[in-house]
Structure formats: C-alpha cells, structure tokens
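What follows is each chain in one-letter form.
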Amino acid sequence: MRARILSILAYTGAALTLLVAVCVPFVLMGAFTNVVAHAGLHIDAVYSGGAVARTVQRDGYRIVVYQPVQSRLLERIEPFVQIVFEPADSLPAHVSEEIDLDGDGRPDVRVSFNLPADPNAPLRGDVTALNKTYVSLANVGGESFSRMVVRTGNKIVVRVPLNKELGR
Amino acid sequence: MASRSSALARPPAFRSVGRSILLTLPIALWSLLMFTPSFRQAGRDRHIGALLVILFMTTLFFLMMRTGETYRWRRIFFVALGFLFPFGFIAALVAERGTMSIPISRMVSGDTPFCFMVTPSLLLPAAFARTIIFPGSILPTASNPHSIAIMIGIWFAMTLVLGKAWCSYGCFFGGIEEGFAAFAKRRRLHRLITRFGAQLRLIPWAILVFVVLASAALFEPVYCMWLCPFKAVTEFPAVRNVTTAIQMGIFVALFVGLVVVLPFLTKKRTQCGFFCPFGAFQSIFNKINLFEIRFNREKCVDCTLCQTTCPTVALSKESIRDGKTLLNCMKCGACVDVCKKGAAVWHLKGTAVAVKPERARLLFLYGAWAMATMMGGSILANSVATMVHWLPGK
C-alpha cells in the first residue's frame, strides 16, 4: 500500500515537473525575474558609483555628484567619489570644472578633459585635488574602479580617489 | 568509445519508426512554439537559424526514441552548443565593441552580460548586504538585455525541472570539454582518476566554499575575476595592468588545462567534474529533483564499465554496490547506455527500481529536452544565424 501511494506521488511529481517545464518560458521565467527585480537588491557601489548626493545644473548639461564609496570588509578598492557629466553630447569640446564634492560650498577638485568628437575614441583627463581629502590624477583613462575618466554611452564618468587617511 | 560500446549494447531499432515519431511529436511542437517568434522577426538569417535548430533538436529527440540511447544524441546537441555558443557570443561582442575584452567603462555602466556561473558568489552579499557584486544591471536595458534578474529567473526556473541535469542539458560551456573528450581515441590517466576519484570529487565543493566566502569578504565575484576558464572564450576584463594580465593568464591556463588537454587525455569532463563550483552548487538541486539513475543489483555484474565511462566520476564502486549514483550525477545517460546487462536504469524517485525505467526516462527527457530546446536551442539558432550572415557572397 505504501509503495502504491509513493508511486502515485512520484508520478504526480513527475507530471508537475513537466507542467513546470511547459510553464518556464511563459510564466515562471517572468515570475522569478520579477522576484529578483523586486527583492530590493542593488548593484555594488564599486560598479554603480553609489547613491547620488546632488546635481549641479550647467548651461546645457549637468554634473551629478555621488556620495563617497568606501571599501567594505576586505574589499580591494580605493575609496572614491563619482562625478558624472551628462549628456556628453552637450558638453563643450574642452571641459574644465571646479566641483564641490562634499557640499560645503567650496570647490574640492578641478576636473578637466578634452572631449573627442568621436564617441568611441579613448578619453583621458586630469583631476586636480584642491584639498587633502582627494587625490590628484594626471592623464587618467580607465585605469581602475577608483581612478577613471571614461565615456559610457552619453555620460562622462569621473572617479576621484579619496585620501585613505582623510577620506573615511 | 562510449558511443560505440553503447551501440553494441542495444539492438539498432529500439522502437518502431511510427512510435518514435509519435513520441517525438510533443518536442517537435514545442520547438515550433519556441521558435515562432524568430519567424516573426525580419531577417532570413534568423529564419534559417531557427529552422535548422527545430530540425536538429527534433531529429536528435527522434533518434533518442528510436534507438533507446540518450548519451550519444544528447552529446551531439551539447557539443554543438558548447562550440557554437562562444562563436555567436564573440561575434556579437566584436560587432558591438570591436573586442572580446570588457572595458572598465562598460562595467561601470552596467553593460556586462550576466552569466549563471557567478550565482553562488552573489548569495552572501545579496542576503546580508542586499548588494549584487556584479557589474551588470538588475533589469534589462537596451545595451544589456542579459540582465541579472532575467538570467537568474531563467536559471532557477530551469533548475526546478533539471536539477543537476542542468550540467548536461542547460550549461552552454560544458559541451566544449565534452567535445574535446569525444575526440580522444582512448582513455588515459584512468587509474589515477579511479584511485583519487573521491578526493577529486571534493575539489569543486572546496572551490565553491572558497568562492562563496572569498566573494563575500572581498565584495567581488571571485570566480569571474580569477577562476573562470571560460573567460578565455567569452569575454574578460580588459588587460590594463599587472593584475588583469595575471587574471587573463589564469583564465587561459585553466581553459587549456581543464577544458582542452585533460578532457582529451582522460575522456572525462575534467572541468565539470573536478573544478566547477557552479556544478557543485547545482548538485544540491539533485536532492529535490525526482529523476535519477539507479542500478539493478540483480543484473549488475560489477564490471565497472559504467564507472569507467562516467564523464564526471559520479560513480564509485561503493555507490554502484548501493545501487545509486553520487550526488554529482548530471544524468547524461552514459552509464545507462553503456551497460550491457541493462543494470543501469533511469528511475523516478518513489517508484520501484527497474520496473518501468523507460517511462522514467521519457518523463525526464521531455522536461530536459524542452529546456534544452528553449535555452540551448535559442543560442544555437543565434549562432547559426550569425554564421549564415557571414557566409561568403552575402
């Protein structure tokens, strides 16, 4: 009797597995995708740049300043602040901007770069630290996650390292 | 070769043509259903790709029904997938960005396509910090349709059906080494593998534990960054300093060693069996999957041919004596096909062993082949369309 019940349960399970298989492309893939999408997860700040601190509007473009990103546990990342210039196609051919990163009303860094006409051409730029909290960068491109001046789509992403002693 | 021995093990016509066609009909209809959207899209290349894949998948399933063999026909699909996936993937990368390497700008813009292999590395940071340590995007974007949510959704849904059989029907990497293993004329290093089989089987688990803990501690996908052999044939971080150069060296060394040379020498899927942490992770799902391979002890003569043939060392003398496979069995069917005594059988958990093994095989194969057609078939169709697009004179 037990064997018969087990057998019935097994075939019911097998039938359900087949039903699941049929449902995968039409229902389940979408359902599980929604679960992951709405799980309140976010991409690590090392890749995404973290949360936006404030936006500065300029003539025809804006500068988005992000909150500082610090390393966690044994993370091998230099603390940094991300700055985004967007839209890139509205930027002048030469950009040189003094930017207040910590919101105290005084500029912290000067970012300067020449924007190539070809969006796929390599971009390099300079960052001059105006106080000891930040680290200057000369002729930087996409060297590391903490030190970069790169073009991503219609944005220019600049990452300025924080001085390790003072940045925390 | 396993396929030759298995061909001897059974009569050439296991089922009549008519009955085989009848049993293949659901898969033929499923294939048509899966590829109907391709025919609605513009482009003759896509139509040709879809049509060829429908014929390919349906023919292979028909041959499984007709001959009663699973491994040989599944292997044709799997090797084709393994070799054509990098082709289509690399072609798309080169067309889009002109290189296989991922520039840092693509990583910070969330444009890295998500690969299921990284899933175990994400678990702890996602659970405890709600953070995904991968440079992709959670939701699909115009520049990155292979978003994290979609890929995890596909993987989990398919895993419910396949369990560890993902590694034989779903993975688009395993076919590469299965292909190199198939090229080999004879089995080398067999005694060594048999002697140290128990230890070798533990390596993927050790790597899994290391990768999960190290990823959580370093907040980076350690497997992707340092250990994935398949980076060598898909995409990899652009070499921009000594660290990335070392990473690239590791990827190439692991690929050549574990995916090309060792499978060719041993006729085993050495990367899958002795290295892949995702495979170990996937083994856990064998516990909840209803299908398995069992051994009829009344018929078994302990010849260990199945153990010798198993591509991933998922059998030991003890396990055969117990009538079971080990947890890392990926249900490829090699042991069943090679067994001359018919002792190795497909089995549905909860039913009597070897009473209706063909029914268990059919129930398993319908689900597995449906998933293979859905995912692997789509990849094959895409790669074939790319090849057709590149044909001379076009």
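Rules behind the numbers
By convention here, each chain's residues receive numbers from 1 onward along its written sequence. Numbering of ligands from 1 and lettering of chains from A proceed in the order in which they are written. Per-residue local features are limited, in this predicted model, to residues with pLDDT of at least 70; the limit for side-chain atom pairs, both in listing and counting, is 80 or more; totals at the level of whole chains, interfaces and linings are taken over all residues. Strands here mean DSSP runs of E at least two residues long; helices mean DSSP runs of H or I at least four residues long; both are numbered from the N terminus. In this treatment the radius of gyration is a C-alpha quantity, and the globule benchmark scales as 2.2 Å times the residue count to the 0.38 power. Neighbour counting defines burial: a residue surrounded by 20 or more other C-beta atoms within 10 Å of its own C-beta is buried, one with 12 or fewer is exposed, and intermediate counts give partly exposed, using backbone-placed C-beta atoms. The contact criterion used is a C-beta to C-beta distance within 7 Å, with each C-beta placed from the backbone. Three classes are used, and their members are as follows: Ala, Val, Leu, Ile, Met, Phe, Trp, Tyr, Cys and Pro are nonpolar, Asp, Glu, Lys and Arg are charged, and the others, Gly among them, are polar. If DSSP finds at least two bridges between two strands, the strands pair. An automatic or database domain assignment provides the domain bounds reported here. All axes here are fitted lines through C-alpha atoms, helices being fitted over the stretch that makes contact, and every angle between N-to-C directions spans 0 to 180 degrees.

Participant: So what's going on with the overall build of chain B? Residues and values would help.
Facilitator: On a plain count of helices and strands, chain B comes out with 19 helices and five strands. Taken over the C-alpha trace, chain B has a radius of gyration of 21 Å; the compact-globule value for 394 residues is 21 Å, and the two agree within 12%. Relative to its full complement of 394 residues, chain B shows a buried share of 57%. Expressed as a percentage of contacts within chain B between residues at least 6 apart in sequence, the contacts between residues at least 24 apart total 75%.

Participant: Residues and numbers for the interface of chain B and chain A, please.
Facilitator: Each partner contributes residues to the interface: chain B has 43 residues there, and chain A has 41 residues. Going through the elements one at a time, α5 (104–108), β2 (131–132), α7 (148–162), α11 (197–218) and α19 (357–390) of chain B are the ones with two or more residues in the side of chain B that touches chain A. Among the elements that take part in the side of chain B that touches chain A, α7(B) stands out by supplying eleven residues, more than any other. Partitioning the side of chain B that touches chain A into residue classes produces 32 nonpolar, eight polar and three charged. In this structure, strand β1 (residues 42–43) of chain A lies alongside β2(B), joined through two bridges in parallel fashion. Residue pairing in the sheet places A:H42 in a bridge with B:T131 of β2(B).

Participant: Break down the pairing of strand β3 (residues 62–66) of chain A for me, with residues and values.
Facilitator: All names here are of chain A. Alignment of strand β2 (residues 52–57) against β3, held across five bridges, turns out to be antiparallel. Note that in β3 the partner of Q57 across the bridge is R62. The turn joining β2 and β3, which pair antiparallel and follow one another in sequence, is formed by four residues; a positive phi near 90 degrees is taken by G60. In this structure, β3 lies alongside strand β4 (residues 80–86), joined through four bridges in antiparallel fashion. Following the sheet pairing, I63 is matched in β4 by F85.

Participant: Tell me what's going on with the domain arrangement of chain B, and back it up with residues and numbers.
Facilitator: Residues and elements named next belong to chain B. Partitioning chain B into structural domains gives domain 1 (1–99 + 358–389), domain 2 (103–288) and domain 3 (290–355). For domain 1 versus domain 2, the separation of C-alpha centres amounts to 23 Å. With 18 residues of domain 1 in contact, the opposing surface of domain 2 contributes 19 residues. When contributions to the side of domain 1 that touches domain 2 are tallied by element, the ones reaching two or more residues are α4 (71–97) and α19.

Participant: Go over the pairing of strand β4 (residues 291–295) of chain B with me, naming the residues and quoting the values.
Facilitator: Residues and elements named next belong to chain B. Of all five residues that make up β4, five are buried, and the element is covered over most of its length. Alternating residues of β4 divide into F291, I293 and F295 and E292 and R294, and every residue in both groups is buried. Bridging between β4 and strand β5 (residues 344–348) involves five bridges; their strand directions are antiparallel. Looking at the pairing, I293 lines up with W346 of β5.

Participant: Give me the sheet that holds strand β6 (residues 109–114) of chain A: which residues, what numbers.
Facilitator: The pairing of strands in a sheet comes from backbone hydrogen bonds and takes either a parallel or an antiparallel form. Residue and element names in this part refer to chain A. Reading across from one edge, β5-β6-β7-β8 is the order of the four strands in this open sheet, with antiparallel pairing throughout. At either margin of the open sheet sits one strand with a lone partner, and together these are β5 (94–99) and β8 (137–140). Along the sheet, successive strands turn relative to each other by an average axial angle of 10 degrees, direction set aside. As paired strands, β6 and strand β7 (residues 125–129) are joined by five bridges and run antiparallel to one another. Within β7, the position partnered with V111 by the bridge is V127.

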